[in-house]
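Observations on the three-dimensional arrangement
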Amino acid sequence: MKKIWLEKLHSNIGQFIKINKIIYKKKTKYQKICIVNNKKLGNILILDNIIQTTEFDEFIYHEMICLIPIFSHPKPQKILIIGGGDGGCLKQIIKFKQIKSITLVEIDKKIISCSKKYLFKIHKNSFNDIRIKIIHDDGIKFLKQNNKKFDLIIIDGTDPIGPGKKLFTKKFYYNCQKSLSKNGIIVTQSGTILQIKQTIKNLKKIKKIFKHTGLYQSSIPTYYGGNMFFMWASQKINLKKINKNELSNKINLYKFKYYNLIIHINSFALPQFIIKKIN
Ligand code: SAM
């Protein structure tokens with residue numbers, strides 16, 4: 001009988017996954033890491049009992065968290081990823097030859113080693129790109145002492161529990177702002193509609209620090225609770241101001257699995273009740 005596993009993100013509702021095989025299991029000083037296989041979703045990375053990413057639909061999340069800021073920035077060259085130890089963001093970012101440096105700050109080195117071994121379909125060996133520098137550190141600590149400027153900061157962390165909790169604080173957003181270049185943009189994963197209260201709270205915090213802020217969304221099947229929100233912020237660039245022709249010409253140079261011009265534009269459309277809460 002295959003083991004049934006229940007995700008523990010929400011106390012009263014959740015999703016279960018039939019585990020075909022347990023591939024890796026380890027408790028590190030930061031979190032409980034588990035990689036399992038499911039017949040439909042392929043290999044799945046689970047941290048502290050919460051699904052992080054699956055081979056089946058990781059491309060949607062990683063394209064949406066990386067490509068919207070990349071195509072919104074006039075000339076992204078220096079990228080910082082906080083978290084992202086599964087390599088899914090790296091796979092998207094290395095597609096852009098004009099990007100000069102990619103710094104990935106991952107708190108748990110075990111995530112990188114087990115992702116390299118068991119999540120090849122997610123990273124496709126993108127860790128080997130010579131532009132990438134991996135730093136094993138807490139993203140909070142790194143940004144506090146960082147004096148470099150980045151064009152994009154992608155916060156590809158866990159949910160606001162465990163080591164990812166402090167990635168949703170005003171202090172952290174302020175340190176992000178200090179580390180951004182003139183046209184810099186930050187994007188962070190911001191939970192689904194079931195966590196919208198937390199998202200709105202985070203947005204109110206970040207609004208105090210950045211001139212332009214907002215949300216965009218995308219539907220990612222394995223994140224229980226409907227669309228996943230991404231929170232963005234920038235001092236100079238309003239991501240909602242889109243020059244369609246310019247954007248289309250840039251996107252047409254590449255091939256993606258999920259992302260395209262209409263997806264980009266429509267992802268900024270938000271439900272009325274959220275617009276009301278934000279304003
Ligand atoms: N890419 C995934 C997805 O599709 O949702 C997001 C999960 S990614 C594996 C989250 C990573 O953030 C984990 O590897 C975790 O170790 C890392 N992380 C959590 N808190 C962190 C912190 N404070 N500093 C650096 N990395 C952190």
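Refer to the structure presented above.
Anyway, here's the lowdown on the structure attached to this text. Keep in mind that what you see is a predicted model, and the values were worked out from it rather than measured. Starting from 1, residues in each chain are numbered consecutively following that chain's sequence as written. Totals for whole chains, interfaces and linings use every residue, but because this is a predicted model, local features are given only for residues with pLDDT of at least 70 and side-chain atom pairs only at 80 or more, for both listing and counting. Working from all heavy atoms in the structure, the side-chain values ignore hydrogens and water.

1. As for the sheet that holds strand 7 (residues 78-83)
Using the following cut-off: The pairing criterion is simple: DSSP has to find at least two bridges between the two strands. For helices the rule is a DSSP run of H or I covering at least 4 residues; for strands it is a run of E covering at least 2, with both sets numbered from the N terminus onward. For every element, the axis is a line fit to its C-alpha atoms; helices are fit only across the contacting stretch, and the angle between N-to-C directions ranges from 0 to 180 degrees.
With mixed pairing, seven strands are arranged side by side in an open sheet as 9-8-7-10-11-13-12. What marks the edges here is a single partner per strand, and that holds for strand 9 (132-136) and strand 12 (212-218). Strand-to-strand twist across the sheet, computed as the mean angle between neighbouring axes with direction ignored, equals 20°. The sheet contact formed by strand 10 (residues 150-156) and strand 11 (residues 180-192) spans five bridges and is parallel. Along strand 11, the bridge assignment pairs Leu152 with Ile185.

2. Brief notes about the nonpolar core
Definition in use: Take the buried residues of types Ala, Val, Leu, Ile, Met, Phe, Trp, Tyr and Cys, join any two whose side-chain atoms come within 4.5 Å, and each joined set is a nonpolar core. Only protein chains enter the accessibility calculation, which uses a 1.4 Å probe; a residue whose area is less than 20% of its type maximum is buried, one above 50% is exposed, and one in between is partly exposed. Note on contacts: a residue pair qualifies if any of its non-hydrogen atoms lie within 4.5 Å across the two residues.
Counting residues in each nonpolar core, the largest one holds 41 residues, and the members touching the most others are Ile93, Phe230 and Tyr259. Listed by contribution, the elements that provide at least two residues to this core are helix 1 (58-72), strand 7, helix 2 (88-93), strand 8 (101-106), strand 10, strand 11, strand 13 (228-234) and helix 8 (244-251). Here the element with the most residues in this core is helix 1; it accounts for ten residues. Ignoring anything within four residues of it in the chain, the contact list for Tyr259 reads Glu63, Met64, Leu67, Ile68, Phe71, Leu247, Ile251 and His264. Residues Leu80, Phe142, Ile206 and Ala233 belong to the second largest nonpolar core, which totals 29 residues.

3. Looking at a positive patch on the surface
Which entries qualify depends on this criterion: Here, patches come from residues exposed beyond 30% relative accessible area and free of salt bridges, joined within 9 Å for like charges and within 5 Å for nonpolar side chains (Val, Leu, Ile, Met, Phe, Trp, Tyr). We get accessible surface area from the Shrake-Rupley algorithm with a probe of 1.4 Å; when it comes to residues, only the shown protein chains can shield them. Just to be clear on terms, a salt bridge is a Lys or Arg side-chain nitrogen sitting within 4 Å of an Asp or Glu carboxyl oxygen. Counting rule for charge: Lys and Arg are taken as positive, Asp and Glu as negative, and neither His nor the chain ends is counted. In plain terms, the charge of a residue is placed at NZ if it is Lys, CZ if Arg, CG if Asp and CD if Glu.
Taken together, the side chains of Lys170, Lys197, Lys201, Lys204, Lys207, Lys208, Lys240, Lys276 and Lys277 define a basic patch exposed on the protein surface. Listed by contribution, the elements that provide at least two residues to the positive patch are helix 7 (196-207) and helix 10 (272-278). With four residues, the single largest contributor to the positive patch is helix 7.

Keep in mind that these numbers describe shape and distance, not what the molecule does.
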